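For reference, the chains in residue letters:
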Amino acid sequence: MRISNTAIGLILIIFASAVLVHVQSFPQLDNGYPGPALFPSVLAVLFIFCGIGLIIQGIRRREKVLKFDLGTATPAGWANIAFVLGTVACYIFLAEYVGFLIFSFVILMILMKWLKVKVLHSLTMSIAVTLAIYLLFAKVLLVPLPWGLWGW
Amino acid sequence: MGPLGLVIAMENILTAISLIVQPYVLMIICISAVYGLFVGAIPGLTATMATALLVPITFFMDPVPALAAIVTMEAMAIFAGDIPGALVRIPGTPSSAAYVEESYALTQKGLAGYVLGVDVSVAAIGGLIGAIILILLAPMLAEVAMQFTSFEYFWLACIGLSCSVLVTKGSLLKGLVSLLIGLMMTTVGVDITLGFPRFTFEVTDFLNGFTFIPAMIGMFGVSEVMRNVSKEESSYRAVAVQTKKMFSGVLRTIRKYKLNVGRAGLIGTFVGILPGAGADIGAWIAYAVSKKFSKEPEKYGTGHIEGIVDAGTANNAGLGGAWVPALVFGIPGDSITAIVIGVLFMKGLRPGPMIFQQTPEILYAVYVTFILANLILIPFGILAIKAGSQMLRIPRMMLMPAILMFCIVGSFAINNTTFDVGVMLACGILAYFMEANDIPVAPAILGIVLGRLLEDSFMVSMIKSDWDLTVFFHRPVSAVLGVITVILWSGPFIAVFRKWRREAKNNKRGS
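If you're wondering where the values come from, they're calculated on a predicted model, not measured in any experiment.

Draft legend 1. Looking closely at the overall build of chain A. Within chain A, the regular secondary structure consists of five helices and two strands. Counted from the first residue to the last, chain A has its helices and strands arranged as β-α-α-β-α-α-α. In terms of overall dimensions, chain A has C-alpha extents of about 60 × 50 × 25 Å along its principal axes. Expressed as a percentage of its 152 residues, the buried residues of chain A come to 42%. Pairs at least 24 apart in sequence give 69% of the contacts found in chain A among residues at least 6 apart. Accessible surface, chain A: about 8500 Å² in total, of which carbon and sulfur atoms supply 73%.

Draft legend 2. Up close: the interface of chain B and chain A. If you look at the interface, chain B gives 58 residues, while chain A gives 62 residues. Buried area between chain B and chain A, summed over both chains or domains, comes out near 5500 Å², and the portion from carbon and sulfur atoms is 82%. In terms of surface lost to chain A, no three residues of chain B exceed Met184, Met398 and Met405 of chain B, which account for 11% of the buried area on that side. Our count for the chain B to chain A interface comes out at zero salt bridges. For the interface between chain B and chain A, the tally reads four residue pairs in polar contact (both at pLDDT 80 or more). Contributing elements (two or more residues each) for the side of chain B that touches chain A: helix H9 (172–186), helix H10 (212–229), helix H18 (396–415), helix H19 (418–436) and helix H20 (442–464) of chain B.

Draft legend 3. Main features of the layout of surface pockets. In this model, the largest pocket occupies a volume close to 1700 Å³. Surrounding the largest pocket, 43 residues form its lining, Cys50 of chain A together with Leu173, Leu176, Pro492 and Phe493 of chain B being those nearest its centre. Broken down by secondary-structure element, the contributors of at least two residues to the lining of the largest pocket are helix H2 (38–60) of chain A together with helix H8 (150–166), H9, H20 and helix H21 (476–510) of chain B. It is H2 of chain A that provides the largest number of residues to the lining of the largest pocket, a total of 11 residues.

Draft legend 4. Structural detail: the packing of helix H3 (residues 47–58) of chain B against H18 of chain B. Residues and elements named next belong to chain B. In the contact formed by H3 and H18, the axes pass within 8 Å of each other and the chain directions differ by 45°. When the interaxial angle is binned, H3 and H18 end up oblique. Here H3 runs over H18; the crossing is left-handed. Here Met49, Leu53 and Pro56 of H3 lie close against H18, whose contacting residues are Ile403, Phe406, Cys407, Gly410 and Ile414. Looking at the contact of H3 with H18 residue by residue, the class counts come to seven nonpolar, one polar and no charged.

Draft legend 5. Representation of the environment of Glu455 of chain B. All names here are of chain B. Structurally, Glu455 can be placed in helix H20. Relative accessible area serves as the criterion here: at 3%, Glu455 is assigned to the buried category. Note: C-alpha distance between Glu455 and Ala157 (298 residues apart in sequence) is 9.6 Å.

Draft legend 6. The arrangement of the side chain of Thr107 of chain B in detail. Residue and element names in this part refer to chain B. The topology assignment puts Thr107 in helix H6 (residues 100–108). The exposure class assigned to Thr107 is buried, which follows from its relative accessible area of 6%. A distance of 2.7 Å separates a polar atom in the side chain of Thr107 from the backbone oxygen of Ala86.

Draft legend 7. Spatial organisation of H9 of chain B. In this model H9 of chain B runs 22 Å from its N-terminal to its C-terminal C-alpha over 15 residues, within 8% of the 21 Å that 1.5 Å per residue would give. For H9 of chain B, the tally of buried residues reaches 12 of 15 residues, placing the bulk of the element in the interior. Buried residues of H9 of chain B: Lys174, Gly175, Val177, Ser178, Leu179, Leu180, Ile181, Gly182, Leu183, Met184, Met185 and Thr186 of chain B, and no others. Close packing links the buried residues of H9 of chain B with helix H1 (5–22) and H2 of chain A together with H8, H19 and H20 of chain B.

Rules used in this analysis
- Residues numbered from 1 in each chain as written.
- Chains lettered and ligands numbered in written order.
- Predicted model: local features only at pLDDT ≥ 70, side-chain atom pairs only at ≥ 80, totals over all residues.
- Heavy atoms only, no water.
- Helix = DSSP H or I, 4+ residues; strand = E, 2+ residues; numbered from the N terminus.
- Buried < 20%, exposed > 50% of the residue type's maximum accessible area, 1.4 Å probe, protein only.
- Contact = heavy atoms within 4.5 Å.
- Areas by Shrake-Rupley, 256 points an atom, 1.4 Å probe, with all protein chains shown as cover.
- Buried area = accessible area lost by both parts, 1.4 Å probe.
- Salt bridge = Lys/Arg side-chain N within 4 Å of Asp/Glu carboxyl O.
- Polar contact = N/O pair within 3.5 Å; in protein donor to acceptor, adjacent residues only side chain to side chain.
- 1 Å grid on protein atoms, 1.4 Å probe; cavity = no way out; pocket = protein on both sides within 12 Å on 5 of 7 lines; lining within 4 Å.
- Points joined across faces, edges and corners; volume = space filled by probe spheres on them.
- Axes fitted to C-alpha atoms, helices over the stretch in contact; angles between N-to-C directions.
- Parallel < 35°, antiparallel > 145°, perpendicular 65-115°, else oblique.
- Left-handed = near helix turned anticlockwise from the far one by under 90°.
- Nonpolar A, V, L, I, M, F, W, Y, C, P; charged D, E, K, R; others polar.
- Expected span 1.5 Å × (residues − 1).

The following block contains the structure:
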């Protein structure tokens with residue numbers, strides 16, 4: 001996803017301004033010297049300089065400000081990206097209830113189906129990856145993977 | 001180093017060898033070698049990504065096997081990147097990009113086995129040159145670094161960060177934006193002066209700041225998965241490699257170009273030492289230098305082995321170089337050592353001159369593994385070349401879900417919270433967006449690793465000196481480093497100013 005330099009510059013300036021406003025609420029050192037706010041403020045000012053620089057570049061190249069270009073990825077590619085991100089979000093919200101073994105197997109099957117992998121391949125891969133992660137993390141490294149409501 | 005120093009060094013090396021030559025560590029080295037070769041040989045998976053995925057596992061190990069795993073893996077991965085370059089004209093890692101055309105042209109002449117034989121040999125030689133320079137240079141620099149105080153560390157962090165911006169390909173401005181993003185991320189969490197929680201928005205998970213490993217997995221793992229699934233599956237038609245008499249002409253070639261090998265080894269190592277510039281930039285520079293000083297520059301690009309010898313040596317030499325500033329100053333030389341330093345910090349090990357006195361066995365373990373990894377590179381590499389075309393036949397879309405699952409579990413494993421999985425997701429999206437808009441990621445990583453050091457050393461120095469800014473120039477070493485920083489910063493401005501003057505002159509002449 002590509003946006004114009006001008007737009008990036010504007011985003012940076014807005015972000016930096018928000019930081020500058022927010023750091024006003026930070027406490028100062030006893031003798032009135034800047035404390036926790038100093039470093040973020042310096043960074044925010046530099047962000048604003050960069051933002052201005054990018055806007056100047058954008059104007060010099062006569063870019064359209066609202067250029068929005070999906071880049072090299074096709075619409076199908078974007079759907080794939082959304083699917084990948086969705087998987088991660090699912091883990092955050094569901095894994096605790098479903099349990100790792102079931103979650104990993106099911107989500108890998110769905111993802112590979114979506115990415116058009118042959119069924120036999122995806123079945124072996126899903127089982128192998130789920131078991132490998134389980135053995136490596138849960139058994140060898142003793143990470144408490146989410147067990148879920150059914151203890152899987 | 002006096003005779004006593006020599007005895008101590010020998011003792012440490014023997015300790016290191018005894019730490020490495022153990023069934024458990026050797027097994028780890030073999031597994032990471034295979035892992036590195038696999039990741040390197042698959043286009044779209046980089047050595048940095050491999051490090052990010054390896055780190056959650058090494059996090060649970062002792063430092064010696066953990067470092068041995070990473071050193072072995074990177075040496076293997078950077079060589080293995082040459083395999084798909086020669087077979088299907090796609091570099092396996094960015095470090096092989098400089099000579100892909102050349103390798104493929106030779107493959108089309110039916111010389112795939114010969115190219116890969118040269119590749120694996122010069123990679124091992126380059127790796128050894130880098131390792132030897134690391135072993136010789138690091139202790140010398142460490143002696144200088146012993147005298148450093150918070151003033152010098154502040155300037156060193158400045159130089160490291162400036163370098164990472166200056167070496168970026170493309171726009172300096174975007175490199176700077178990347179660096180600032182990384183630095184800004186380190187301001188989240190409790191601050192050093194008052195213990196005030198900054199930008200935490202009442203979320204307790206944020207008090208310690210962004211968790212480092214999930215952030216790295218997001219930036220190098222998840223963003224890479226996103227990029228890979230967004231492209232059509234490409235079916236390669238890989239050439240089968242004749243490995244039988246692979247090395248027949250190799251020795252002659254290396255003997256013929258031995259000066260090139262030496263020169264490229266030095267170039268690669270010293271580019272590797274520069275913070276932010278890694279194996280890929282080393283390979284490009286070595287290739288350009290090779291062409292410039294070659295007796296037959298017209299042959300470059302048509303399938304001439306000379307450039308491959310240079311660039312193939314340089315990228316593996318760069319790996320050792322990158323560990324020099326990492327071990328001596330705690331300033332990473334490339335993205336891989338940046339991740340390593342971040343993880344050492346988390347384990348309470350602070351890279352820097354103190355490591356040479358307090359835990360020298362870690363240091364010598366890195367040295368010994370570097371030598372060992374480059375020696376086993378040849379047999380392992382030959383196996384990888386044999387398996388090359390099979391590895392390329394694995395559908396990418398089948399690997400990506402598996403990698404994603406490893407990313408998720410790896411991020412989760414560090415603190416056992418789904419919050420970290422969220423951090424990984426956010427950093428993945430950020431890195432994807434940055435790369436899509438030509439904002440390089442490497443300066444951001446250096447920013448994340450060095451941000452705290454930069455702020456803490458500045459604030460501590462300021463409070464020590466009651467806000468007298470000139471203290472940064474009081475000590476002689478500090479003053480020198482400060483002047484270097486100022487020169488680095490003014491460079492781009494002078495360049496812009498000169499360009500303006502030239503343009504103004506041209507305009508006058510035109511009118």
